[in-house]
Amino acid sequence: MADKDGNILAKDYGIGIKPPLQTFPVKGHQSAGWGMQRRLSEIFSDDGRTIMLAFDHGYIMGSTAGLERLDLVIPPLMQYADCLMATRGALRTCIPANHRKAVALRCTADTSVLKDDMSFGTVGVDIEDAIRMNASCMAVQCFVGSEGEIDSLRNLSYYVNNGEKYGIPVLGVVAVGKEMERTTRYFSLATRLLAETGAHIIKTYYCENFEQITAACPVPIVIAGGKKIPEKEALEMAYRAVSEGAAGVDMGRNVLQAECPKAMLRAIRMVVHENAKPEEAFKAYELWKKDVK
Ligand code: R5P
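No experiment lies behind these values; they were computed from the predicted model shown.

Caption draft 1: Region of the structure containing the pattern of salt bridges. In the structure shown here, the tally under the stated rule is 13 salt bridges. For R192, the salt bridge identified is with E196, shortest N-O distance 2.6 Å. Taken together, the residues span about one helical turn, with R192 and E196 both in helix 7 (residues 184-197) at a distance of four residues. The class for E196 is exposed, based on a relative accessible area of 57%. Linked through salt bridges whose partners overlap, the residues forming this network are R88, R92, D129 and R132.

Caption draft 2: Inspection of the nonpolar core at higher detail. F55, I202, F210 and I268 are the most contacted members of the largest nonpolar core, which totals 78 residues. Ranked by residue count, the leading element in this core is helix 11 (residues 261-274), at eight residues. Excluding anything up to four places from it in sequence, F55 contacts L67, L70, I74, L84, M85, A86, I95 and L256.

Caption draft 3: View of the packing of helix 9 (residues 231-243) against helix 12 (residues 278-292). Helix 12 packs onto helix 9 with a crossing angle of 140° between their chain directions and a minimal axis gap of 9 Å. With respect to helix 12, the axis of helix 9 lies oblique. Remark: the crossing between helix 9 and helix 12 carries right-handed chirality. Contacts between helix 9 and helix 12 involve E231, K232, L235, E236 and Y239 from the first element and P278, A281, F282 and Y285 from the second. For the contact of helix 9 with helix 12, the class distribution of residues is six nonpolar, no polar and three charged.

Caption draft 4: The arrangement of the site of the ligand in detail. In the vicinity of the ligand lie 14 residues, with D56, H57, R106, G252 and R253 positioned nearest. The contact in question runs from an oxygen atom of the ligand to an N or O atom on the side chain of R106, over 2.5 Å. One of the backbone nitrogen or oxygen atoms of G226 is found 2.9 Å away from an oxygen atom of the ligand. Tallied by class, the residues present in the shell around the ligand amount to four nonpolar, five polar and five charged.

Caption draft 5: Examining the packing of helix 6 (residues 149-166) against helix 7 more closely. It is at 10 Å that the axes of helix 6 and helix 7 come closest, and there the two elements cross at 40°. As judged from the angle between their axes, helix 6 and helix 7 are oblique. Note on packing geometry: the crossing formed by helix 6 with helix 7 is right-handed. Facing E149, L153, L156, S157 and V160 of helix 6, the residues of helix 7 in contact are L193, L194 and T197.

Caption draft 6: Representation of the pairing of strand 6 (residues 137-142) in the model. Along strand 6, six of the six residues are buried, which leaves the element largely enclosed by surrounding structure. Relative to strand 6, strand 3 (residues 102-106) is paired through three bridges, and the arrangement is parallel. Across the sheet, the residue bridging to L105 is M138, located in strand 6. Inspection of the sheet shows strand 6 paired to strand 7 (residues 170-174) by five bridges, in the parallel sense. The residue bridging C142 from the neighbouring strand is V174, located in strand 7. After leaving strand 6, the chain enters helix 6 and then returns to the sheet as strand 7, a path that is right-handed.

Caption draft 7: Main features of helix 11. Its 14 residues give helix 11 an end-to-end C-alpha distance of 19 Å, which sits within 8% of 20 Å, the value for a rise of 1.5 Å per residue. Those residues of helix 11 not exposed but buried are A263, M264, L265, A267, I268, M270, V271, V272 and H273. Among the residues trailing helix 11, N275 stands out with phi positive, at a value near 55°.

Caption draft 8: Region of the structure containing helix 12. When the terminal C-alpha atoms of helix 12 are compared, their 20 Å separation across 15 residues agrees well with the 21 Å that a helix rising 1.5 Å per residue should span. By the burial criterion, the buried members of helix 12 are P278, A281, F282, A284, Y285, W288 and K289. On an axial view of helix 12, the arc spanned by its buried residues comes to 160°, and they lie on one face. Exposed residues lying more than 90 degrees from the buried face of helix 12 are K283, L287, K290 and D291. Looking at the buried residues of helix 12, the elements they touch are helix 9 and helix 11.

Criteria and thresholds
Residues numbered from 1 in each chain as written. Predicted model: local features only at pLDDT ≥ 70, side-chain atom pairs only at ≥ 80, totals over all residues. Heavy atoms only, no water. Salt bridge = Lys/Arg side-chain N within 4 Å of Asp/Glu carboxyl O. Helix = DSSP H or I, 4+ residues; strand = E, 2+ residues; numbered from the N terminus. Buried < 20%, exposed > 50% of the residue type's maximum accessible area, 1.4 Å probe, protein only. Core = buried A, V, L, I, M, F, W, Y, C linked by side-chain atoms within 4.5 Å. Contact = heavy atoms within 4.5 Å. Axes fitted to C-alpha atoms, helices over the stretch in contact; angles between N-to-C directions. Parallel < 35°, antiparallel > 145°, perpendicular 65-115°, else oblique. Left-handed = near helix turned anticlockwise from the far one by under 90°. Nonpolar A, V, L, I, M, F, W, Y, C, P; charged D, E, K, R; others polar. Near = heavy atom within 4 Å. Polar contact = N/O pair within 3.5 Å; in protein donor to acceptor, adjacent residues only side chain to side chain. Pairing = 2+ DSSP bridges. Right-handed = clockwise from strand over helix to strand, strands pointing away. Expected span 1.5 Å × (residues − 1). Arc of directions from axis to C-beta.

Structure, rendered in structure tokens:
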């Protein structure tokens, strides 16, 4: 019950002081609604960058090396990630809900790697379940240039339309089917197409002339790691990507299949958030690796 009498009188109105200028560090979203900005802020730090830890591979690849026991592997790594990218099934069963990390919820249902053409995905998680799961963003697989391109765009539009309604951003994932080329021209087309269809964040692969792709894309781009490569090379790729305009990484296998995943994620953190050179981060990785053993 509000008190009617005996309150201290309000007097500190800051007359003559202009309201502070409000800035928002995530590319392309300065005018987004408050709820949308709030969720983007869960994903991106104040430097406008993010480290997403991807462990959603099982939804198309089944049990994958390094990801066999998500309940054992992921929780110790979470402290070094900004955002967890996973399916609802993995989150509900393997990740305790009382954490403070952003969640990129894998929302489309896509066909498995056993299919020659994987491009015919469909809406999996509906918007109500994404809200129930308190998703920070909804991840949508998109196959540009494939047979199932229109299905992808229909799925993407479903999530963008609903995301706009409820203030939940969409992460458009540029998928490369078995036959898709991995060229600057292709990634440039696919990233821009997804952004113009309304995706709020884009995930793609690193490639030559990457700075052209990030420059032409009006929203933040994060890079996927792809197949496991030596740790030093993965750190170099992350460094080149952020130096050339990426807003961070969304890596799975290059962390989870590293000799020491925890040390690897810490080293990636140095590159993405501290602008450390890859040599420096690799040196730290080698040291941390010994500590963990
Ligand atoms: C692939 O469909 C999944 O979305 C993965 O999350 C994504 O490829 C990133 O994982 P990785 O770094 O292992 O490629």
